[in-house]
Amino acid sequence: MQTELIFILTDPAREENVGAAARAMKTMHIRELRLVNPLCNHLGERARATAHASVDILEHARVYSNLEQARADLSLLIGSAAKRRTVGEDVHPVGNLPGIIRDKGDTLSKVGVVFGGEESGLSNRQLKMCDMLSTIPMYRKYPSLNLGQAVMVYATYLSELTLTHAPKRQLLSGADELSVVREKALQVLADVELDPDGIIHRRIMERLMLLGRDDMHLFHSFCKYYLKKYHGRIK
């Protein structure tokens, strides 16, 4: 099964930016748009005019009241951020994302990229919900790119995945393997009573999300023995 890319706009305030995002997505063959708490009419006249021949992206966009709902079915959520929250946190250049996603092979089904609103970007709470953070390298942080431009840059880099017609492969046992890795890792960290709000917990989970397919299989082998010994189960 081929990995599906989904773009999520949180708190978008201008119809023109939503329309521009739809146009950028369709140009690069990214078909699903999700909106979280939109502050404008994504089907309005200005949005449609800017989307041009991509109005179908707007018409099929799913609307959610919060990011938790919008990300519920995603294997991996990548946040776009202009700056890092903590000194030790990894923020990956957008150009590295295709390689990170490709290295996971058939271990994930849906990948979301989330963009913050025009005024202040993603909140700290929203950024914490992301599995990893990325950024667009710029000569200067300000003036920064607007929302429509940022979506176009991400769509262009990620088109390396969407415009490459590789043979499709089935997920092992029909499972979303990256989600399984996350669930098992959270169980292990809970068992050792590591503070889920602490930086060490966050860093471990971030690094796990970077595992390639072979390393995920190795992690599963470890968890098979761990869960059998401490929880009486093997899955």
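In this report, the structure presented in the accompanying data block is examined. In this text the structure is predicted, and so the values were computed from the model without any measurement.

Description of the overall build of the chain
So, point 1. Across its full length, the chain carries 10 helices and seven strands.
So, point 2. In the chain, buried positions account for 48% of the 235 residues.
So, point 3. Residue pairs in contact within the chain that sit at least 24 positions apart in sequence constitute 83% of those at least 6 positions apart.
So, point 4. Surface accessibility of the chain: about 12400 Å² in total, with carbon and sulfur atoms responsible for 54%.

What to know about the sheet that holds strand E2 (residues 32-36)
Strands belonging to one sheet form pairs held by backbone hydrogen bonds; the direction of such a pair is parallel or antiparallel.
So, point 1. Judged by pairing direction, the sheet is parallel, and its seven strands sit side by side in the order E3-E2-E1-E6-E4-E7-E5 without closing on themselves. Each edge of the open sheet carries a strand with a single partner, namely strand E3 (62-64) and strand E5 (91-93). When the angles between neighbouring strand axes are averaged without regard to direction, this sheet yields 30°.
So, point 2. Summarising the sheet, E5 and strand E7 (residues 132-135) pair through three bridges and their orientation is parallel. Counted as the bridge partner of valine 91 is leucine 133 from E7.
So, point 3. Packed on one face of the sheet, helix H1 (residues 15-27) meets strand E1 (4-10) and E2 and runs near 155° to E2.
So, point 4. Against the sheet, helix H7 (residues 147-162) makes contact with E1, strand E4 (76-80), strand E6 (110-115) and E7, and its axis sits at roughly 170° relative to E1, the strand it touches most.

What about the nonpolar core?
So, point 1. Phe7, Leu9, Leu33, Phe115 and Val151 are the most contacted members of the largest nonpolar core, which totals 52 residues.
So, point 2. In terms of residues, this core owes the most to one element, H7, which gives seven residues.
So, point 3. Leucine 9 has contacts with Val18, Ala21, Leu33, Arg34, Leu35, Val36, Phe115, Leu147 and Val151, leaving out every residue within four places of it along the chain.
So, point 4. Core analysis: the second largest hydrophobic core is formed by 16 residues, Tyr64, Leu77, Leu122 and Leu127 among them.

Looking at the environment of methionine 152
So, point 1. Residue position: methionine 152 is located in helix H7.
So, point 2. C-alpha of methionine 152 to C-alpha of threonine 27: the two residues are 125 residues apart in sequence and 9.2 Å apart in space.

Side note on the packing of H1 against H7
So, point 1. Orientation of H1 relative to H7, taken along the N-to-C sense of each, is 10°, at an axis distance of 8 Å. Here H1 lies roughly parallel to H7, going by the angle between them. For H1 against H7, the interelement crossing comes out right-handed. Residue-level inspection shows Asn17, Ala20, Ala21, Ala24 and Met25 of H1 in contact with H7, the latter providing Leu147, Gly148, Val151, Met152 and Ala155.
So, point 2. Residues belonging to the contact of H1 with H7 are distributed by class as follows: eight nonpolar, two polar and no charged.

Quick notes on H7
One turn of an α-helix holds 3.6 residues; hence residues three or four places apart share an orientation.
So, point 1. Given a rise of 1.5 Å per residue, 16 residues ought to cover 22 Å, and the 21 Å separating the end C-alpha atoms of H7 matches this to within 8%.
So, point 2. Of all the bends in H7, the largest measures some 35° and sits at threonine 156.
So, point 3. Buried residues of H7: Leu147, Gly148, Ala150, Val151, Tyr154, Ala155, Leu158, Ser159, Leu161 and Thr162, and no others.

Overview of the packing of aromatic side chains
The relation between two aromatic rings is expressed through the spacing of the ring centres and the mutual angle of the planes.
So, point 1. Scanning all chains against the criterion turns up four aromatic pairs.
So, point 2. Centroid distance phenylalanine 115 to tyrosine 154: 5.2 Å. Interplanar angle 90°. Geometry classified as edge-to-face. Here tyrosine 154 lies in helix H7 and phenylalanine 115 lies in strand E6, a separation of 39 residues in the sequence. For the pair phenylalanine 115 and tyrosine 154, one class covers both residues: buried.

Comments concerning the pattern of salt bridges
So, point 1. Using the criterion set out here, one finds 18 salt bridges in the structure.
So, point 2. A salt bridge links lysine 26 to aspartate 56, with the nearest nitrogen and oxygen atoms 2.9 Å apart. Pair noted here: lysine 26 is in helix H1 and aspartate 56 is in helix H3 (residues 55-59), with a separation of 30 residues, a long-range link.
So, point 3. Across the pair arginine 125 and glutamate 68 runs a salt bridge, and its minimum N-O distance is 2.3 Å. One end of the pair, arginine 125, is in helix H6 (residues 124-128); the other, glutamate 68, is in helix H4 (residues 67-70), with 57 residues separating them in the sequence.
So, point 4. On the basis of relative accessible area, arginine 125 is assigned to the exposed category, the value being 55%.
So, point 5. The exposure class assigned to glutamate 68 is partly exposed, which follows from its relative accessible area of 31%.
So, point 6. Three or more residues are tied together by salt bridges with common partners; here these are Glu32, Arg34, Arg62, Asp73 and Lys110.

The rules behind each value
- Residues numbered from 1 in each chain as written.
- Predicted model: local features only at pLDDT ≥ 70, side-chain atom pairs only at ≥ 80, totals over all residues.
- Heavy atoms only, no water.
- Helix = DSSP H or I, 4+ residues; strand = E, 2+ residues; numbered from the N terminus.
- Buried < 20%, exposed > 50% of the residue type's maximum accessible area, 1.4 Å probe, protein only.
- Contact = heavy atoms within 4.5 Å.
- Areas by Shrake-Rupley, 256 points an atom, 1.4 Å probe, with all protein chains shown as cover.
- Pairing = 2+ DSSP bridges.
- Axes fitted to C-alpha atoms, helices over the stretch in contact; angles between N-to-C directions.
- Core = buried A, V, L, I, M, F, W, Y, C linked by side-chain atoms within 4.5 Å.
- Parallel < 35°, antiparallel > 145°, perpendicular 65-115°, else oblique.
- Left-handed = near helix turned anticlockwise from the far one by under 90°.
- Nonpolar A, V, L, I, M, F, W, Y, C, P; charged D, E, K, R; others polar.
- Expected span 1.5 Å × (residues − 1).
- Bend = angle between axes of the 7 residues up to and from the residue.
- Phe/Tyr/Trp six-rings, centres within 6.5 Å; stacked < 30°, edge-to-face > 60°.
- Salt bridge = Lys/Arg side-chain N within 4 Å of Asp/Glu carboxyl O.

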